[in-house]
Amino acid sequence: MEIKDAKQPTTSLVGKIYFSEFFSESLAVYALIPLLFEQYGGQSAERVGILLASWQILIVLFEIPTGIVADKYGRKASMQLARIARLLCFPLWLAFPSFTGLLAGIVFLALGDALSSGSLEAYSYDELEDKTAYNKLRQQTVAIHLAAFSAAGIYAFALNADFKLIIIASMISTSIGLFFSSMLPNDRHHHKQAVTIKTLLKDAKEQIAGHPVTLKRFVQASLMMTLLVFFIEQITLFYSDAGQSAKSVSALMAVGNLLTFGLLWILHSIEEWTRRYQSQILALCFILFGGAMASGLVWVQIGAIFLSVRLIRVAFLHTTNDLQHAVAGSARATISSLSSFVGKLSASAGIFLVGYLSRTSSDSRLPIYVIGTGFLTVFICLELFWRPQHGKR
């Protein structure tokens, strides 16, 4: 779907969203979370895999209930609760850096992630008077997230990858984010809808199952969510298994997020081209990634996964934006949460499988590549299947 001549979104609303999201996502702990489990918590590769998979499984379990909460009680309230839930995680990790303590913290972290998922997209879409401005706002909001991730990577590097200081810095950033989220305008188009949970779920089911275009967008967004979550959660382990130190991983994450920030900030100007050749670009990238794995050259492999994650994020934005445009009615956040539910459940299975396959080896790079390629193959096959049935995008 092509959106042309988008008007500039309301400046006040945009600015407040940018400030709120930057501080809420500028979490130094996210830059190194698998290494935090491994080095700060002293967990084995198998247990790190279990913790990461548990994180995603818990998000999956929370996804649908929190999406319903956002649709029924308000998207701004849901975003504020997300910050509060995250704030409950970090003290647990400071006080109890054991497997049990890390797992307990993950419960609150997952709840916060689930409360955020879908709420911002639904809030932004409904609060904009000009819906054609949504794609640009969404792309630049994600760019702000990446600027925040870059800042977090810089914090982690500056703190010399001291995990206690990283956790404290994340607590401070989350607190600032909570303050700025309270400054967002109240939901104009959403005042505690007089709908039941059953009605929201029924509406979501009817829209997904009853409209072929919505179903297509739902499946595409779910698969891209799978790819994005899988690689984001595994890329630090990939770097680490390629021989990079925690400080080097922080630097790589910061540089990668900064470059992606620049790409997404201008994405609206090249949106038509990136949409048209999306599948071909991803397929070519993963073929090159396979060649890098076969070569055994560490820095070529790092470059390949580095590029892959950037391209996956662009495709994820396209598919999730298309889903928002395809949805109508009161269940917008519920449908977004259902899509996240499917995508993150699949990603959790992939993450757990990487941990299982790596239990007898200290190197998880090949399982990460093989499983990620499998997910992408499913996406491309479905794209080819749908193209003759529903025509061009």
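Residues numbered from 1 in each chain as written. Predicted model: local features only at pLDDT ≥ 70, side-chain atom pairs only at ≥ 80, totals over all residues. Heavy atoms only, no water.

A.B. asks: What exactly am I supposed to notice about the confidence of the model for the chain here?
C.D. replies: Fine structural detail should not be taken from predicted coordinates in areas where pLDDT scores are low. The share of residues in the chain with pLDDT of 70 or more is 92%, and the mean pLDDT across the chain is 81. Here residues 1–9 is a poorly scored stretch, pLDDT under 50, and it has 20 contacts once near neighbours within four places are set aside; other chains count. Taken as a whole, residues 389–393 scores under 50 in pLDDT and shows 10 contacts with residues more than four places along the chain or in a different chain. (pLDDT = per-residue confidence, 0-100. Contact = heavy atoms within 4.5 Å.)

A.B. asks: Could you clarify how one ought to interpret the packing of helix α5 (residues 75–95) against helix α6 (residues 99–116) in this entry?
C.D. replies: Between two packed helices, both the angle of their axes relative to each other and the distance between the axes serve to describe the pair. Put simply, α5 and α6 touch, their axes get as near as 7 Å, and they point 165° apart. Classified by the interaxial angle, the pair formed by α5 and α6 is roughly antiparallel. Judged by the twist between their axes, the crossing of α5 over α6 is left-handed. Between α5, through Ser78, Leu81, Ala82, Arg83, Ala85, Arg86, Leu88, Cys89, Phe90, Leu92 and Trp93, and α6, the contact on the second element is made entirely by Gly101, Leu102, Ala104, Gly105, Ile106, Phe108, Leu109, Leu111, Gly112, Asp113, Leu115 and Ser116. A breakdown of the residues in the contact of α5 with α6 according to their chemical character gives 15 nonpolar, five polar and three charged. (Axes fitted to C-alpha atoms, helices over the stretch in contact; angles between N-to-C directions. Helix = DSSP H or I, 4+ residues; strand = E, 2+ residues; numbered from the N terminus. Parallel < 35°, antiparallel > 145°, perpendicular 65-115°, else oblique. Left-handed = near helix turned anticlockwise from the far one by under 90°. Nonpolar A, V, L, I, M, F, W, Y, C, P; charged D, E, K, R; others polar.)

A.B. asks: Looking at this structure, I do not really get a nonpolar patch on the surface. What am I missing?
C.D. replies: A surface patch of nonpolar side chains, about 320 Å² in accessible area, is lined by Leu165, Ile168, Ile172 and Ile176. Within the secondary structure layout, Ile176 lies in helix α9 (residues 163–181). Note on Ile176: relative accessible area 32%, which makes it partly exposed. (Patch = residues over 30% accessible without salt bridge, like charges linked within 9 Å, V, L, I, M, F, W, Y side chains within 5 Å. Areas by Shrake-Rupley, 256 points an atom, 1.4 Å probe, with all protein chains shown as cover. Salt bridge = Lys/Arg side-chain N within 4 Å of Asp/Glu carboxyl O. Buried < 20%, exposed > 50% of the residue type's maximum accessible area, 1.4 Å probe, protein only.)

A.B. asks: It is not clear to me how the packing of aromatic side chains should be interpreted in this structure. Could you clarify?
C.D. replies: Aromatic ring pairs are reported here in terms of the distance separating the ring centres and the angle at which the planes meet. For the structure shown, the criterion picks out 14 aromatic pairs. Between Phe22 and Phe23, the ring centres sit 5.3 Å apart and the planes meet at 90°, which makes this aromatic pair edge-to-face. Phe22 sits in the partly exposed class, given a relative accessible area of 23%. Seen from their ring centres, Phe230 and Phe375 are 5.7 Å apart, and the 75° between their planes marks the pair as edge-to-face. With Phe230 in helix α11 (residues 212–241) and Phe375 in helix α17 (residues 365–390), the pair connects residues that are 145 residues apart, well separated along the chain. Residue classification places Phe375 among the buried residues on the basis of a relative accessible area of 18%. An aromatic cluster is defined as three or more aromatic residues linked by ring pairs; in this entry it consists of Phe230, Phe231, Phe238, Phe286, Phe289, Tyr369 and Phe375. The ring of Phe99 has Arg47 lying over it, and the distance from NZ or CZ to the ring centre is 4.6 Å. Lying over the aromatic face of Phe306, Arg310 brings its terminal NZ or CZ to 4.6 Å of the ring centre. (Phe/Tyr/Trp six-rings, centres within 6.5 Å; stacked < 30°, edge-to-face > 60°. Lys NZ or Arg CZ within 6 Å of the ring centre and 35° of its normal.)

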